[in-house]
Amino acid sequence: MEVPLRNKLRELRSERDWSQADLAERAGVSRQTINAIETGKYDPSLPLAFALARIFKLKIENVFDDRS
Amino acid sequence: MENRCRRSFAKYAATFVISLVLYGVALVVSLRWLRAGPPEEWKYSIAVLPVLPALGIPLAVIRICQAMDELQLRMQLEALAFGFAATAIVTFTYGFLQNAGLPDVSWVWVWPVMAVCWMVGQVAARWRYR
């Protein structure tokens, strides 16, 4: 069974005053991808999840959580 | 990525438009040449002449796919899967209706049907991940 990931991307982004486009540029993906991850419509691949955590200088489990 | 995507799209669009214009020119040349009554051994080569410039189109599509991120690729996969299946439904349905007397349609129409179905699939995928 697929468990949707919860994430703190929007929160972390807001703390840094970054737009979705800013984060997208840093992560090397489209703004739509960041939006879909934030709204829970798309779960990123493991490499992208690691890359996003690295951008915020956090461990992956501090950004993404698979517990509902 | 936003900028890289736009640059790749511009490159893709340029290749696509150039291929399409050359295809149009080759099609006109091919049709006129065929009407003029070329030598029998040249007929088939002249008929497929427009295919040569059209080869740039799949190359352009591959290039833009390589520049896509993982969600964009997923959306394309869903759109193409829908286009593939929906085209089968449309073409088979028309094929069965031909058994009941509808007129024969050229094979040239199969791809436009697939393109329309693919575009519908793209709109659905964009809506889903908006």
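Our subject is the structure listed above.
In this text, all values refer to a predicted model and were calculated from it rather than measured experimentally.

Trainee: Report on the overall build of chain A, specifying residues and quantitative values.
Mentor: Scanning chain A from N- to C-terminus turns up four helices and two strands. Put simply, chain A runs from its N terminus to its C terminus through helices and strands in the order β-α-α-α-α-β. Since a compact globule built from 68 residues should have a radius of gyration of about 11 Å, the 11 Å found for chain A is in line with a globular shape. Along the three orthogonal principal directions, the C-alpha set of chain A runs to about 35 × 20 × 20 Å. The buried share of chain A, taken over its 68 residues, is 26%. In chain A, the proportion of contacts linking residues at least 24 apart, taken out of those at least 6 apart, comes to 50%.

Trainee: I'd like a rundown of the interface of chain B and chain A, residues and numbers included.
Mentor: In this complex, chain B contributes eight residues to the contact, which on the side of chain A involves 14 residues. For the side of chain B that touches chain A, the secondary structure elements donating two or more residues are α1 (2-35) and α5 (70-99) of chain B. Tallying contributions element by element places α5 of chain B first for the side of chain B that touches chain A, with three residues.

Trainee: Can you break down helix α3 (residues 31-38) of chain A residue by residue, with the values?
Mentor: Among the eight residues in α3 of chain A, six count as buried, and that is most of the element. Turning to α3 of chain A, its buried residues number three or more, namely Gln 32, Thr 33, Ile 34, Asn 35, Ala 36 and Ile 37 of chain A.

Rules and cut-offs
For every chain, the first residue of the written sequence is number 1, and numbering continues from 1 along that sequence. All chains are assigned letters beginning at A, and all ligands numbers beginning at 1, according to the order in which they are written. Confidence filtering applies because this is a predicted model: local features only for residues at pLDDT of at least 70, side-chain atom pairs given and counted only at 80 or more, and all residues used for totals across whole chains, interfaces and linings. The helix count covers DSSP runs of H or I at least four residues long, the strand count covers runs of E at least two residues long, and both are numbered beginning at the N terminus. For this measure, only C-alpha atoms enter the radius of gyration; the expected value for a globule follows 2.2 Å times N^0.38, where N is the number of residues. For every residue, the other C-beta atoms within 10 Å of its own C-beta are counted; 20 or more classify it as buried, 12 or fewer as exposed, and values in between as partly exposed. C-beta atoms are placed from the backbone. Note that contacts rest on C-beta atoms placed from the backbone: two residues are in contact if these are within 7 Å.

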